[in-house]
Amino acid sequence: MLRVSAEVTSSEVDLQAINGDADSAAVGIEFGAQLMRFGEAVAMRSQDLPQRRTELLEAAGAAALVDAAGVAANFQRMVRIADAIGIPIDDMQAELGRNVRAELGIERFPSARNSLG
């Protein structure tokens, strides 16, 4: 979705941010590195979440922190609902999906065996 959104808005992004690369996260996304670290801390339920929250607050302000927390919470909710009721994911063999998976090395994760055909 990030890639398509970037293409539609003619914005530059580096998908390697998804792999935790802070330099890549900063490409084309204001406060991208801080947002990435905050999002990872939320998703991983990391002990450094308070530090990442403070880092984002100091860099981007309270409104951005609240927005980021809301987006992170919403994604957690949507994923859990989809997993619980078995909503199928998009066609994993579609060309865009294959290209993104290859670029990011998604197949290296053990959970890929549950998704890839």
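Definitions and limits used
Residues numbered from 1 in each chain as written. Predicted model: local features only at pLDDT ≥ 70, side-chain atom pairs only at ≥ 80, totals over all residues. Heavy atoms only, no water. Helix = DSSP H or I, 4+ residues; strand = E, 2+ residues; numbered from the N terminus. Expected span 1.5 Å × (residues − 1). Buried < 20%, exposed > 50% of the residue type's maximum accessible area, 1.4 Å probe, protein only. Contact = heavy atoms within 4.5 Å. Salt bridge = Lys/Arg side-chain N within 4 Å of Asp/Glu carboxyl O. Core = buried A, V, L, I, M, F, W, Y, C linked by side-chain atoms within 4.5 Å. Axes fitted to C-alpha atoms, helices over the stretch in contact; angles between N-to-C directions. Parallel < 35°, antiparallel > 145°, perpendicular 65-115°, else oblique. Left-handed = near helix turned anticlockwise from the far one by under 90°. pLDDT = per-residue confidence, 0-100. Nonpolar A, V, L, I, M, F, W, Y, C, P; charged D, E, K, R; others polar.

A closer look at helix α5 (residues 62–85)
Here comes step 1: Compared with an ideal rise of 1.5 Å per residue, which puts 24 residues at 34 Å, α5 spans 35 Å between its outermost C-alpha atoms and is within 8% of the ideal.
Here comes step 2: Looking only at α5, the buried set comprises L65, A68 and A72.
Here comes step 3: Tucked into the core, α5 has its buried residues touching α3 (32–44) and α4 (49–60).
Here comes step 4: Within two residues after α5, G86 carries a phi angle of roughly 75°, on the positive side.

As for the pattern of salt bridges
Any two side chains of opposite charge can pair, so long as their charged atoms come close to each other.
Here comes step 1: One pass over the full model with this rule turns up three salt bridges.
Here comes step 2: R37 is the salt-bridge partner of E55, the closest N and O atoms lying 3.0 Å from each other. Here the residue E55 occupies a position in helix α4, and R37 occupies one in helix α3, the gap between them amounting to 18 residues.
Here comes step 3: The closest approach of N and O atoms between R52 and D48, which form a salt bridge, is 3.1 Å.
Here comes step 4: Residue class for D48 comes out partly exposed when judged on its relative accessible area of 23%.

Thoughts on the nonpolar core
Here comes step 1: Residues F38, A41, L49, L56, L65 and A68 constitute the largest nonpolar core, which totals six residues.
Here comes step 2: For this core, the elements supplying multiple residues, two or more each, are α3, α4 and α5.
Here comes step 3: Residues in contact with L65, not counting those within four places in the same chain, are F38, R53, L56 and L57.

Here's the deal with the packing of α3 against α5
Here comes step 1: Two elements in contact, α3 and α5, have axes separated by 10 Å at closest approach and are oriented at 40°. Classified by the angle their axes make, α3 and α5 are oblique. As for how α3 packs across α5, the hand of that crossing is right-handed. Taken together, the residues of α5 that come into contact with α3 (itself represented by L35, F38, V42 and A43) are L65, A68, A69, A72 and Q76.

Considerations on the confidence of the model for the chain
Here comes step 1: Put simply, the chain has an average pLDDT of 82, and 85% of its residues get 70 or more.
Here comes step 2: When mean pLDDT is compared element by element in the chain, α4 scores highest at 97, while helix α1 (residues 2–8) scores lowest at 69.

Things to note about the packing of α4 against α5
Here comes step 1: Where α4 meets α5, the axes come as close as 7 Å, and the angle between the chain directions of the two elements is 135°. On the basis of the axis angle, α4 is oblique to α5. Residues R53, L56, L57 and A60 of α4 pack against A62, A64, L65 and A68 of α5.
Here comes step 2: In terms of residue class, the contact of α4 with α5 is made up of seven nonpolar, no polar and one charged.

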